[in-house]
Amino acid sequence: MTLQLSDFRFVAKALPNKGQRPRELARTMPAHPLSYMELPHDPEYTLYNSRLTPEALSTASDDEMYWAVRTNVIFRHTGELPIEISGPDAEKLLNKVFTRNVSKVKPGRCSYQFACYHDGGMITDGVLLRLAEDRFWMAQADGDLFSWYKAHAEGLDVKIHDPNVWVSQIQGPRSLDLLAAVLDGPMPDPFRYFDCAEVSIAGHTCWISRSGFTNELGWEVYLLPDTDIAAIGDRIMEVGAAFGILLTGTPVFRARRIEAGLLNAGSDFGAETTPFEAGLGGFVEFDDRDFVGRKALEAADKSCRTWGMRVTGGVAQLGRVMTIDGRPVGRVCSSGYSPYQGCGVCIVRMDDPAQDPGTQVDVLCADGSTQTGELCTLPMYDADRLIPRGKLVDIPTSPIAAE
């Protein structure tokens, strides 16, 4: 079995700062400015975009974090990296770099975007916010897009820089009620799914977007330099106490984003994966733009190779651990346990596109056992993504098998 670096997680632990408010990590490492909230909870951090993000917290078990985002509201500080692209030619540059037409994105709106290499392999993805006609933030997943922007900006009147903005997510069925309670003024109107707006919290300006990495109702807050970020964070936690808000780390979205079909850059796709193989072909627009990778993608096989998989009786190991009649047939890219579905859940990439939903495989699990896995479509439920759009209130009270 061949393992890749993405099959492993490396963590750093915060040392206790006895007798003082635990801010040392935030002063000495590229940590989120609200990391002081995490330090009392025995955090373990991993690097994401060269920023520390909490891989584990003692605030709750993995299952409790999962149920919190499905039934109530959570607060999580992320490692997303917003890069600002601004100037008269900002839209022109982004239309050259991304596979979707940025011209369709109006100010105050967001758009899911990803960039490809010239051969059609994927670099990374993220949420693009259009703050104004000539000003954008690309809040990217792990990877390097900054150099890619610079490499394709020759001759364009555009500024590319890191605005030192940090992102936190507030997700769950009660998240918009909490937003209404923490804002200094009224809710933005409209504030639809994938809208963004400038607001004030605790007397300080910040941006918010109707987005997240859980496929639950939720919003993200973009914290600006030269503001009292702690005042904003403390306000959210203080008001959130009445809602039962839970401070969480990475486990809150691992199983939830897998069953929602939200892919993770670097594990679920990468430089050797085309958008079509990743099941993201719908986000490639062959219009009148000449974007990077277009020729390769026009000629590429359009078959999808990426699916979900349910495993009854275990949680799959990562890597090439799926077989049919003893023959390896694909790769488990991400895996976890879904307390709601009561089974292991995975995102897998198959060698043969004919191996699609309904295909059964033998899969090696974390406990060393071999179990049966069955491929399925993504998302595994809420196929029309009505929950994050606020069009479906779905608050489970027990595992689906017991309902």
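Residues numbered from 1 in each chain as written. Predicted model: local features only at pLDDT ≥ 70, side-chain atom pairs only at ≥ 80, totals over all residues. Heavy atoms only, no water.

**A word on the sheet that holds strand β11 (residues 196-201)**
Basically, it comes down to this: By definition, two strands form a pair when at least two bridges between them are found by DSSP. Secondary structure counts use DSSP, requiring at least four H or I residues in a row for a helix and at least two E residues in a row for a strand, with both numbered from the N terminus. Between N-to-C directions, angles cover 0 to 180 degrees, with each direction set by a line fitted to C-alpha atoms, over the stretch in contact for helices.
Strand order in the open sheet made by the six strands is β11-β12-β13-β10-β4-β14, with mixed pairing throughout. Of all the strands in the sheet, the pair left with one neighbour each is β11 and β14 (246-248). Shown here is a sheet whose adjacent strand axes are inclined to one another by a mean of 30 degrees, direction ignored. With six bridges joining them, strand β10 (residues 166-171) and strand β13 (residues 218-223) adopt antiparallel strand pairing. Within the sheet, the bridge partner assigned to Gln171 lies in β13 and is Gly218.

**Section: the confidence of the model for the chain**
Which entries qualify depends on this criterion: pLDDT runs from 0 to 100 and stands for how confident the predictor is about each residue. The contact criterion used throughout is that any non-hydrogen atoms of two residues lie within 4.5 Å.
Looking at the chain, the pLDDT average stands at 93 and 92% of residues meet or exceed 70. Predicted confidence is poor over residues 1-8, with pLDDT under 50, and the contacts of this stretch with residues over four places away or in other chains come to 17 contacts. Under a pLDDT of 50 for its full length, residues 18-23 has, in the predicted model, nine contacts with residues more than four places off or in other chains.

**Remarks on the environment of Thr46**
So the rule is basically this: When a residue's accessible area, from a 1.4 Å probe over protein chains only, is under 20% of the maximum for its type it is buried; when over 50% it is exposed; and in between it is partly exposed.
Topologically, Thr46 is positioned in strand β2 (residues 44-48). A relative accessible area of 17% places Thr46 in the buried class. A sequence separation of 10 residues divides Thr46 from Ala56, and the C-alpha atoms of the two residues are 9.1 Å apart.

**A word on the sheet that holds strand β19 (residues 360-364)**
Strands sit in the order β15-β18-β17-β16-β19-β20 around a closed barrel of six strands; the barrel is antiparallel. Across the sheet, the mean angle separating the axes of adjacent strands is 45 degrees when strand polarity is ignored. Direction of pairing for β19 relative to strand β20 (residues 370-376): antiparallel, over a ladder of five bridges. What sits directly across from Val361, in β20, is Gly373. Sheet strands in contact with helix α7 (residues 251-260) are β17 (327-338) and β18 (343-350), and its direction is about 125 degrees off that of β17.

**A word on the pairing of β17**
Across the 12 residues that make up β17, a large majority, nine, are buried. Bridging between strand β16 (residues 319-324) and β17 involves four bridges; their strand directions are antiparallel. Bridge pairing in β17 links Gly319 to Val332. Counting the residues that bridge the hairpin from β16 to β17 gives two residues, and of these Asp325 lies at a positive phi of roughly 55 degrees. Relative to β18, β17 runs antiparallel, the two being bridged by eight bridges. Of the residues in β18, the one forming a bridge with Ser338 is Cys343. Counting the residues in the hairpin turn of β17 and β18 gives four residues, including Gly342, whose phi is positive at 70 degrees.

**Observations concerning the packing of helix α2 (residues 62-71) against α7**
Put simply, the test is: In a left-handed crossing the near helix is turned counterclockwise from the far helix by less than a right angle, and in a right-handed crossing that turn is clockwise. Polar here means any residue other than Ala, Val, Leu, Ile, Met, Phe, Trp, Tyr, Cys and Pro, which are nonpolar, and Asp, Glu, Lys and Arg, which are charged; Gly is therefore polar.
One way to put it is that α2 packs onto α7 with a least axis distance of 7 Å and a crossing angle of 65 degrees. Considering only the axes of α2 and α7, their crossing is right-handed. Along its contact with α2, which presents Asp62, Met65, Tyr66, Val69 and Arg70, the element α7 presents Pro251, Val252, Ala255, Arg256 and Glu259. Looking at side-chain class alone, the contact of α2 with α7 contains six nonpolar, no polar and four charged residues.

**Points about the packing of helix α5 (residues 175-182) against helix α6 (residues 229-240)**
Between α5 and α6, the least distance of the axes is 10 Å, while the angle of their chain directions is 120 degrees. Considering only the axes of α5 and α6, their crossing is right-handed. Contacts from Leu178, Ala181 and Val182 in α5 reach Arg235, Ile236, Val239 and Gly240 in α6. By residue class, the composition of the contact of α5 with α6 is five nonpolar, one polar and one charged.

**Remarks on the pattern of salt bridges**
Put simply, the rule is: What makes a salt bridge here is a side-chain nitrogen of Lys or Arg within 4 Å of a carboxyl oxygen of Asp or Glu, nothing more.
Using the criterion set out here, one finds 16 salt bridges in the structure. Across the salt bridge formed by Arg257 and Asp268, the nearest N and O atoms sit 2.6 Å from each other. Of this pair, Arg257 sits in helix α7 while Asp268 sits in the loop between α7 and α8 (294-299), and the two are 11 residues apart along the sequence. For Asp268, a relative accessible area of 0% gives the class buried. Across the pair Arg294 and Glu298 runs a salt bridge whose closest N-O atoms are separated by 2.9 Å. Of this pair, Arg294 and Glu298 both sit in helix α8, four residues apart, roughly one helical turn. Here Arg294 falls in the buried class, since its relative accessible area comes to 16%.

**Quick notes on helix α3 (residues 90-97)**
An α-helix turns once per 3.6 residues; consequently, residues spaced three or four apart project the same way. Taken together, the buried positions of α3 are occupied by Ala90, Leu93, Leu94, Asn95 and Val97. If you follow the buried residues of α3, they end up packed against β5 (81-86), β6 (109-116), β7 (122-132), β8 (135-140), α4 (146-151) and β9 (159-161).

**Topic: the layout of surface pockets**
The condition that has to hold: Buriedness for pockets is judged along seven lines, at least five of which must meet protein on both sides within 12 Å for an open set on the 1 Å grid over protein atoms alone, while cavities are sets there where a 1.4 Å probe fits but cannot get out, and lining residues have an atom within 4 Å of a point. Grid points are joined across faces, edges and corners, and a volume is the space filled by probe spheres set on the points.
Computed from the structure, the second largest pocket encloses a volume of approximately 450 Å³. Going through the elements one at a time, β7 and β18 are the ones with two or more residues in the lining of the second largest pocket.

**A short note on the environment of Ala299**
Position of Ala299 relative to the elements: it lies in helix α8. For Ala299, a relative accessible area of 68% gives the class exposed. C-alpha of Ala299 to C-alpha of Gly373: the two residues are 74 residues apart in sequence and 33 Å apart in space.

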